[in-house]
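Listed here are the chains, written in short residue letters.
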Number of protein chains: 6
Amino acid sequence: MTAQNPPATAPQDRLGVGNIVSELRALRVASQRSRYGDGALPALPSRKEMITIVDGLVAALFPRHFGPPELTPNSVDGYLTFILEKTLRALEEQVSRELKLNSHGSGTTALNDAARAAEIAVAFAQSLPKVRALLDADIRAALEGDPAARSHDEIVFCYPGVAAVIRHRLAHQLYLLGAPMLARVIAEMAHSETGIDIHPGATIDESFFIDHGTGVVIGETARIGKHVRLYQAVTLGAKRFEVDEDGALVKGKDRHPILEDNVVVYAGATILGRITIGKGSSIGGNVWLTHSVPPGSNITQAKARSDSFDNGGGI
Amino acid sequence: MTAQNPPATAPQDRLGVGNIVSELRALRVASQRSRYGDGALPALPSRKEMITIVDGLVAALFPRHFGPPELTPNSVDGYLTFILEKTLRALEEQVSRELKLNSHGSGTTALNDAARAAEIAVAFAQSLPKVRALLDADIRAALEGDPAARSHDEIVFCYPGVAAVIRHRLAHQLYLLGAPMLARVIAEMAHSETGIDIHPGATIDESFFIDHGTGVVIGETARIGKHVRLYQAVTLGAKRFEVDEDGALVKGKDRHPILEDNVVVYAGATILGRITIGKGSSIGGNVWLTHSVPPGSNITQAKARSDSFDNGGGI
Amino acid sequence: MTAQNPPATAPQDRLGVGNIVSELRALRVASQRSRYGDGALPALPSRKEMITIVDGLVAALFPRHFGPPELTPNSVDGYLTFILEKTLRALEEQVSRELKLNSHGSGTTALNDAARAAEIAVAFAQSLPKVRALLDADIRAALEGDPAARSHDEIVFCYPGVAAVIRHRLAHQLYLLGAPMLARVIAEMAHSETGIDIHPGATIDESFFIDHGTGVVIGETARIGKHVRLYQAVTLGAKRFEVDEDGALVKGKDRHPILEDNVVVYAGATILGRITIGKGSSIGGNVWLTHSVPPGSNITQAKARSDSFDNGGGI
Amino acid sequence: MTAQNPPATAPQDRLGVGNIVSELRALRVASQRSRYGDGALPALPSRKEMITIVDGLVAALFPRHFGPPELTPNSVDGYLTFILEKTLRALEEQVSRELKLNSHGSGTTALNDAARAAEIAVAFAQSLPKVRALLDADIRAALEGDPAARSHDEIVFCYPGVAAVIRHRLAHQLYLLGAPMLARVIAEMAHSETGIDIHPGATIDESFFIDHGTGVVIGETARIGKHVRLYQAVTLGAKRFEVDEDGALVKGKDRHPILEDNVVVYAGATILGRITIGKGSSIGGNVWLTHSVPPGSNITQAKARSDSFDNGGGI
Amino acid sequence: MTAQNPPATAPQDRLGVGNIVSELRALRVASQRSRYGDGALPALPSRKEMITIVDGLVAALFPRHFGPPELTPNSVDGYLTFILEKTLRALEEQVSRELKLNSHGSGTTALNDAARAAEIAVAFAQSLPKVRALLDADIRAALEGDPAARSHDEIVFCYPGVAAVIRHRLAHQLYLLGAPMLARVIAEMAHSETGIDIHPGATIDESFFIDHGTGVVIGETARIGKHVRLYQAVTLGAKRFEVDEDGALVKGKDRHPILEDNVVVYAGATILGRITIGKGSSIGGNVWLTHSVPPGSNITQAKARSDSFDNGGGI
Amino acid sequence: MTAQNPPATAPQDRLGVGNIVSELRALRVASQRSRYGDGALPALPSRKEMITIVDGLVAALFPRHFGPPELTPNSVDGYLTFILEKTLRALEEQVSRELKLNSHGSGTTALNDAARAAEIAVAFAQSLPKVRALLDADIRAALEGDPAARSHDEIVFCYPGVAAVIRHRLAHQLYLLGAPMLARVIAEMAHSETGIDIHPGATIDESFFIDHGTGVVIGETARIGKHVRLYQAVTLGAKRFEVDEDGALVKGKDRHPILEDNVVVYAGATILGRITIGKGSSIGGNVWLTHSVPPGSNITQAKARSDSFDNGGGI
């Protein structure tokens, strides 16, 4: 009945929202078609769920520091049973979404994805005690490596390097088990919180310590031995990217450094390419290094000049 | 009736709060008088509102990734209509506050500020489809530029460089339209989240990609062409600040670099002053550059020495 | 009655949670015994409480910018009385926890810890007006030092350097008064938010300004004079760590630089060791400096080469 | 390794929680077995979801009063599209759970339940405009029937009788469509909020008004005509329950009153059994009525005595 | 460009949301036009704001019971200054909305409404100490009138009768000052929470106590003297409604009872019409009373019969 | 320094908040002195904590219905261990507050109160399995007693009578153990939610069912046998209150009815005084009863008249 219809909505649309919605739809649909064709869009993993999952896992690993404050020695195992059961099932659901996202359009059935997600969740669960043992060694390394460190509790509580490594060790398990996108989500949550950017693919052995940490970048295929210590703004990167005959990037090749046991890398050093830093070496601050060095090397950068002022650097 | 009055409050004020409140008031009032005189204080923009506004805009641009999880293809346009109408009106209110803050004490009337705020909100709204189109190109650039990137969804979801550029492109519109303080609020929200500090005044063309990103700083008058790629800790800064006859800083002059199309700047490079990096140039990691270079240049830094250990760099 | 008992739980424990909980308990108990023996575990400070406390203190210092939006000139002192009383008592409780954590196992009684916590809370409260006065000078320094800065309000609202210094000045008081772990918690909250890592032990005089700030690291024993300005990625660090006869780190010694009044340090500069940068000196971007320089020095780094492209720096 | 195991937990279990958990499990398992045998327990509907669903439906019916405050004429339809799509899908999920709960152990497959749930959701959606039209008439009846009523907006906003009828009309649709448990959940939410207890099975025609409402009870098989008005504490109940040969209650029979058009029932009246109150009748306050009355009847209770005080009534 | 447009949305609209939104719009617009014509819709008061306002007022009246738990004797006045300033300004805004809603379409200007709202807020504020004094007397009356009452704190904390009277005394001030719709919102919030329905127009003198309270209804023009006590399910109602020549209800006339000082009304009694219950009278449980009684009356109901079972009452 | 002081605050205090705060303080202090003298005010129990505690207890009793939705058979015991440990400790703290509130000013030491609170918490914990067993019988009684009841799950989920009885059985334990104020807080929470007001002192045997429930009031010393069923608006109250020689109420005497096994009381019936309703009796709707009746009685009220309309009952 026309009498009941509203007047033309145009005069009400003072901000022009109607047109903007249409234009955004056109752009969105074009983008989605280029990836998914005309079919239904697969569900995405949920950032909010991943935050809850990581919180649950960290609480399970260090319940006294990151669990609910009401925990007692008598209730901590009960709580862990609850939070792990809940968190692992939520993780299984997110893994399942990642698998389905990948198999979208392929012949893989949803059933296979769900079964594989369950296997991944179980294997991930089994890795947790190993992760905790590694982290205990990491915390001891922090206590030994930082003259300002006062106690185990302070380190667990405050150190961004430890916060980043906790999350990396969890993300790395997911990466190994076949959920690299979720692993990346966890890594970027840690990156945002700490300024430390460790690709979940990086392999890091026990007793690892990053001090201060802002600006550290560790690449996907880096391999780090035992008792390695890094300071802020250290880069373990790729020297250059290989391209194939068509000019496209070659993905997945080993392209980041290997640091053997007991290496120390001081602030701002940049180590690039699939080179090896020999056992016990020290790489000085701000050093730029693109070739392997033997065990026991001490590498430092050239001295700065001290002369008349000719440049700025401010913004 | 005196019998009902409390005893002198001094004995209860164990922490001395009364005196502290008085002293803080004196400091606060002195500070406010130096800026606003004895008149009423103008209302400030609201950080909390700005967070809600940016969340709303990002959800409108990428509803599948950042909108509510319950969205369906059937409801997404309805949701966008709602969230844009709500968000743009909230933005209009905040713009109006910024304008009033600036016109405080001047002859401009509140009415003019409100009318100008409405114009800015409409113009900002109209820019959103263009912003989305630019971002689509940015995402494609990320997919092409990072060998570790697996999918469009992973990039939108996880990449801090993309998160920072989404927010920059929004902030830049506000900067152009005359709301530089709100633009700065948005830029600093992105800075805090990603470690990437892009001044909202910077002009950035399509297909821009920042990888890793922590420590990147891009100055107010920088101009960046198409298909430019930056890595972590790159600075596009000012060489030195000009001062006027009275020794005060000269504000607003072009003082940051121009990067032409297809330039790549590797990690830690510092490029200072109103210089031009010619089309297709590569600036190597940690390079310090204060002069223009022609198209196709490859700039690298001096090699590091490899000798006995004499400095640290730890803290 | 056996008929009412559930069947063996094994078939339900699809994810193997039972075993994981047991293994995590064993690791946790071993770790706790190594630190606390068989006794009861002391309560830890609460991160959540510390966040609330810092929010309360910042609101008390700058109520117009960070207090509740409903504040009016007529209610601001009442609000400050409430929020300070509440916040200082909460702080007293957390200080008491830190003291008990430290005295755990020693002869100190809990009563002494509580009395000391009360003294610390009172002394901390008394320092707040001094902190606000210092911050007012810091804000003025920002306004004078950044050509992009438009207003006092924008600086308080948006500048990460100011956010970090507000929190540092609070943390430093706690450090001096004997609550170094809580001080560190506050410092790391600021670090996570701004990318600026100032150890709470660092001594910083008035009119201090950090621009951009991501990657700045300032060590525990650094001393900074009046009117000093730092840019992003500046390190004021230790040259090397002394070890005692047993190879253990010597803790607590002066090992970080002294910056006299009116020093400027440009982006990426690294200054290491207990050296003195003389009054009014400028340290150029990316400079690496491990020796003292006299007042008025201008230090810059070596020039970069400009030659054929041979390295990357991407990841 | 035994050395890592905690001591027997008994001394820590000061509150005896371990035993209580065991005893509660035994009771719980016994109760569940009596209903579900040894199989898996079916998922229950979620009260929290149902609260969200009802909030969504009420917002869709009266967006100006119960939708988000930021709605504008320009965005209201978009919002409704979003909230209805979201709410109806959530309802479909809850209906599906109710159907599965009922078919638990029967031969019905989960697939059939899901298909049936989808049909119910669609049919429910289609009933919403009819529900809104009925409610518009109810609100008009309230405005005409209450001398204290000032405006349409006040009635929608404040009147518990209207709040209860909105929810009843929604619940009744679910009841008719085959989701009686969810219907009951909605009815009890309204009951808790308003003190008005309308069984979702009750059939109520247009222009219905309950004033004050606390204590009103309307039974499952009651039928109420147009323009009926009830006051607080009115009961439309069953006279007695029929039992079958085994003494079990006969369920589902018509056992509550029929009120024809234009009936008024004053506060505290009790009308019991499958009787008919003829068109236009008035039933006085506190009347007890167990037989039908013809159209136009005026029924009042016996007068109270006025004599010496002999009873209390307090507690 | 057609290629970018989505396919017709019909197949995606499985739930038929599009049609429902259209039908609801038609109904909504028709309803709004009948009240407001084609003009803009006035803003409604906000229930959420009213809840916050009532919480603030109750906290100001009884800060130890209903204020934040961190209040101390030293901070309570500061908190009250803050919460009252905030709450009264929020109330002023809501009063302004109510006045504008009423003056919609009339010649009254928005400016007059705002000025009137400010006057109402000030007058309301001034009434708060009087309200608190009345409530202190009400609480004493509860302590004296209930054999199960143990302490002042228990009564303030737990008694629904006291909760309802606190809110009534606030609502009554708003009613008197000219904001009857907000007054009604407060009354219905109390009604929902306690089951006690007091119209904000009712005049109630000091030392008033309602025990249990569920089902109590007190009409708009009721007048209650000092030291009156009511039990659950008491009605102070209107006998019948007067209609004018056109059959419309006559609104605003005195139509509810007057209870003089020291009257007690036991559970379930119904007192109707503009009658007077003389000083010191007792009205027995379940009594039905429609005529005045002199001071000192004791009214009881007729005795129940005790005979064969012939009716039910269940549902 | 006077120049820094604000101008007199009077012109800013538009709402007169300063005076109101002073007047409220005078009233508050006078009220507190009359109860506590000049000493410190004891801490009050926390309503918010009690809500959390009751939620925790109800979740422990019926985890599938009221626990977190993520519970699985594998995690339910762990969750119960956690939630009970947490909830019982929180309850212990609240009991301790109630005891201290009572012993305020007496010779009892805080230490004794804490020890007594611990005993009460343990004894309360031990009663929980018994409470669950009673509730299982109550639920069965509901299923058998209501022809509209469909399933065990529906009853636990939806029935206000069951919700009230769950809370009563918890409150009753606290009442018996010596925490009557907390018991009352729980009872009033149930009262507000369901309209059913059961004093925590009332003794209620197994298989108890209240249908509909709004307006039910059960007094402190009432005793109810097995298999009793009540309908809405039933009062089990005191006939009159005894006063001592000074006219003060005699508290604590048995003054409410005894209902023997298998009694049914229909809606609106009022039973007053320490009388006994014999086993298996039925009390009809709206009956007013103040004398004992033998086992097997059927009591009904007098018939209503059916004559000309002479009263209203509306409001």
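Residues numbered from 1 in each chain as written. Chains lettered and ligands numbered in written order. Predicted model: local features only at pLDDT ≥ 70, side-chain atom pairs only at ≥ 80, totals over all residues. Heavy atoms only, no water.

If you check an unreviewed UniProt entry, chain A appears there as serine O-acetyltransferase from Methylocystis borbori. We quote the UniProt Sequence similarities (unreviewed entry) comment for chain A here in full: "Belongs to the transferase hexapeptide repeat family." The UniProt entry for chain A carries the following comment under Catalytic activity (unreviewed entry): "L-serine + acetyl-CoA = O-acetyl-L-serine + CoA". (UniProt positions renumbered as here; feature names shortened; annotations may be inferred.)

Draft legend 1. Summary view of the overall build of chain A. Across its full length, chain A holds eight helices and 14 strands. Taking the contacts inside chain A whose residues are at least 6 apart along the sequence as the reference set, 47% of them involve residues at least 24 apart. (Helix = DSSP H or I, 4+ residues; strand = E, 2+ residues; numbered from the N terminus. Contact = heavy atoms within 4.5 Å.)

Draft legend 2. Focus on the interface of chain F and chain E. Taken together, the 69 residues of chain F in the interface contact 76 residues of chain E. Summed over both sides, the interface between chain F and chain E buries roughly 6200 Å², with carbon and sulfur atoms accounting for 58% of that surface. Run the count over chain F and chain E and you get five salt bridges. Residues Arg28(F) and Asp77(E) are paired through a salt bridge, measuring 3.1 Å at the closest nitrogen-oxygen approach. Here chain F and chain E share 15 residue pairs in polar contact (both at pLDDT 80 or more) between them. With 12 residues, the single largest contributor to the side of chain F that touches chain E is helix 1 (residues 17-36) of chain F. The class makeup of the residues in the side of chain F that touches chain E is 30 nonpolar, 24 polar and 15 charged. (Buried area = accessible area lost by both parts, 1.4 Å probe. Salt bridge = Lys/Arg side-chain N within 4 Å of Asp/Glu carboxyl O. Polar contact = N/O pair within 3.5 Å; in protein donor to acceptor, adjacent residues only side chain to side chain. Nonpolar A, V, L, I, M, F, W, Y, C, P; charged D, E, K, R; others polar.)

Draft legend 3. Focus on the relation of the copies chain F and chain E. Note on the copies: chain F fits chain E at an RMSD of 0.0 Å, the axial shift is 0.0 Å, and the rotation between them is 120°. Both copies are brought into coincidence by an operation consistent with a three-fold rotation axis. (Least-squares fit on C-alpha atoms with pLDDT ≥ 70 in both.)

Draft legend 4. Region of interest: the nonpolar core. Counting 528 residues, the largest nonpolar core has Leu230(A), Leu230(B), Leu230(C), Leu230(D), Leu230(E) and Leu230(F) as its most contacted members. Leave out the neighbours within four places in its chain, and Leu230(C) touches Phe208(C), Phe209(C), Ile210(C), Asp211(C), Val216(C), Ile218(C), Leu236(C), Leu259(C) and Val265(C). (Core = buried A, V, L, I, M, F, W, Y, C linked by side-chain atoms within 4.5 Å. Buried < 20%, exposed > 50% of the residue type's maximum accessible area, 1.4 Å probe, protein only.)

Draft legend 5. The arrangement of the packing of aromatic side chains in detail. One pass over the structure, following the stated rule, counts 24 aromatic pairs over all chains. Look at Phe66(B) and Phe157(B): their rings are 6.4 Å apart centre to centre, the planes differ by 20°, and that puts the pair in the stacked class. Linking Phe66(B) in helix 3 (residues 63-66) with Phe157(B) in helix 6 (residues 152-158), this pair joins segments that are 91 residues apart in sequence. Judged by centre distance (6.3 Å) and plane angle (35°), the rings of Tyr159(D) and Phe209(D) are tilted. One end of the pair, Tyr159(D), is in the loop between helix 6 (152-158) and helix 7 (160-177); the other, Phe209(D), is in strand 3 (residues 209-210), and 50 residues separate them in sequence. When its relative accessible area of 3% is taken as the criterion, Tyr159(D) is described as buried. When the ring centre of Phe157(A) is taken as origin, the NZ or CZ atom of Arg47(C), which lies over that ring, is 5.9 Å away. (Phe/Tyr/Trp six-rings, centres within 6.5 Å; stacked < 30°, edge-to-face > 60°. Lys NZ or Arg CZ within 6 Å of the ring centre and 35° of its normal.)

Draft legend 6. Layout of the environment of Val29(D). Residues and elements named next belong to chain D. Locating Val29 in the fold gives a position in helix 1 (residues 17-36). In this structure Val29 comes out as buried when scored by relative accessible area, which is 12%. A sequence separation of 246 residues divides Val29 from Ile275, and the C-alpha atoms of the two residues are 45 Å apart.

Draft legend 7. Just the interface of chain E and chain D, in detail. Facing the 69 residues of chain E at the interface are 76 residues of chain D. Taking both partners together, chain E and chain D bury about 6200 Å²; carbon and sulfur atoms supply 58% of that area. The interface formed by chain E and chain D holds five salt bridges in total. Taken together, the residues of the side of chain E that touches chain D sort by class into 30 nonpolar, 24 polar and 15 charged.

Draft legend 8. Quick peek at the sheet that holds strand 12 (residues 282-283) of chain B. All names here are of chain B. Strand order in the open sheet formed by five strands is 3-6-9-12-14, and the pairing between neighbours is parallel. Among the strands making up the open sheet, the edge pair consists of strand 3 (209-210) and strand 14 (298-299). Relative to strand 6 (residues 229-230), strand 3 runs parallel, the two sharing two bridges. Counted as the bridge partner of Phe209 is Arg229 from strand 6. (Pairing = 2+ DSSP bridges.)

Draft legend 9. Representation of the environment of Arg97(E). Here Arg97(E) is to be found in helix 4 (residues 76-103). When near neighbours in sequence (up to four residues on either side) are disregarded, Arg97(E) contacts Ala43(E), Leu44(E), Pro45(E) and Ser46(E).

Draft legend 10. Representation of helix 7 (residues 160-177) of chain F in the model. Residues and elements named next belong to chain F. In this model helix 7 runs 26 Å from its N-terminal to its C-terminal C-alpha over 18 residues, within 8% of the 26 Å that 1.5 Å per residue would give. Burial analysis of helix 7 places 16 of its 18 residues in the buried class, the great majority of the element. Two residues or fewer past helix 7, Gly178 is found with a positive phi of approximately 105°. (Expected span 1.5 Å × (residues − 1).)

Draft legend 11. View of the sheet that holds strand 5 (residues 223-224) of chain D. Residues and elements named next belong to chain D. Here we have four strands laid out as an open sheet, ordered 2-5-8-11, and parallel in their pairing. Each end of this open sheet is capped by a strand with a single partner; those strands are strand 2 (203-204) and strand 11 (276-277). Two strands pair when backbone bridges link them, and strand 8 (residues 258-259) and strand 11 are joined in this way by two bridges, in the parallel orientation. Residue Leu259 lies in a different strand from strand 11, and its bridge partner there is Ile277.

Draft legend 12. Layout of the packing of helix 4 (residues 76-103) of chain B against helix 4 (residues 76-103) of chain D. Here helix 4 of chain B crosses helix 4 of chain D at 130°, and the two axes come no closer than 7 Å. Classified by the angle between their axes, helix 4 of chain B and helix 4 of chain D sit oblique to one another. In this structure, the crossing between helix 4 of chain B and helix 4 of chain D has a hand that is left-handed. Contact residues: Gly78(B), Tyr79(B), Thr81(B) and Phe82(B) in helix 4 of chain B; Gly78(D), Tyr79(D), Thr81(D) and Phe82(D) in helix 4 of chain D. Its residues placed into classes, the contact of helix 4 of chain B with helix 4 of chain D shows four nonpolar, four polar and no charged. (Axes fitted to C-alpha atoms, helices over the stretch in contact; angles between N-to-C directions. Parallel < 35°, antiparallel > 145°, perpendicular 65-115°, else oblique. Left-handed = near helix turned anticlockwise from the far one by under 90°.)

Draft legend 13. Highlighting the side chain of Thr81(F). By the element assignment, Thr81(F) lies in helix 4 (residues 76-103). Residues within four places of Thr81(F) in sequence aside, it is in contact with Asn74(A), Ser75(A), Gly78(A), Val17(D) and Val21(D).

Draft legend 14. Focus on unusual backbone geometry. A positive phi is found at Ser207(B), a non-glycine position, where the angle reads about 60°. Along the chain, the position of Ser207(B) falls in the loop between strand 2 (203-204) and strand 3. For Ala233(E), which is not glycine, the phi dihedral falls at a positive 65°. Inspection of the secondary structure puts Ala233(E) in the loop between strand 6 (229-230) and strand 7 (235-237). We classify Ala233(E) as partly exposed; its relative accessible area is 32%.

Draft legend 15. Region of interest: the pattern of salt bridges. Summed over all chains, the structure comprises 90 salt bridges over all chains. Across the pair Asp153(B) and Arg64(B) runs a salt bridge whose closest N-O atoms are separated by 3.4 Å. Remark: Arg64(B) occurs in helix 3 and Asp153(B) occurs in helix 6; sequence separation between them is 89 residues. The partner of Asp254(D) in a salt bridge is Arg274(D), with the nearest N and O atoms 3.4 Å apart. Placement of Asp254(D) in the loop between strand 7 (235-237) and strand 8 and of Arg274(D) in the loop between strand 10 (270-272) and strand 11 is noted, with a sequence separation of 20 residues between them. For Arg274(D), a relative accessible area of 33% translates into the label partly exposed. One network of salt bridges, with partners in common, ties together Arg25(A), Arg28(A) and Asp77(B).

Draft legend 16. Region of interest: the packing of helix 4 of chain E against helix 8 (residues 180-194) of chain E. All names here are of chain E. Where helix 4 meets helix 8, the axes come as close as 8 Å, and the angle between the chain directions of the two elements is 120°. With respect to helix 8, the element helix 4 is oriented oblique. Contacts between helix 4 and helix 8 involve Leu91, Gln94, Val95, Glu98 and Leu101 from the former and Pro180, Met181 and Leu182 from the latter. Taken together, the residues that form the contact of helix 4 with helix 8 break down as six nonpolar, one polar and one charged.

Draft legend 17. Quick look at the environment of Phe157(C). In this structure Phe157(C) comes out as buried when scored by relative accessible area, which is 4%. Residues Phe157(C) and Gly18(C), 139 residues apart in the sequence, show an inter-C-alpha distance of 50 Å. Ignoring anything within four residues of it in the chain, the contact list for Phe157(C) reads Leu44(B), Pro45(B), Arg47(B), Met181(B), Val185(B) and His65(C).

Draft legend 18. Just the side chain of Arg28(D), in detail. Relative to the helices and strands, Arg28(D) resides in helix 1. For Arg28(D), a relative accessible area of 6% translates into the label buried. Dropping the residues within four chain positions of it, Arg28(D) is found in contact with Pro63(F), Val76(F), Asp77(F), Leu80(F) and Arg132(F).

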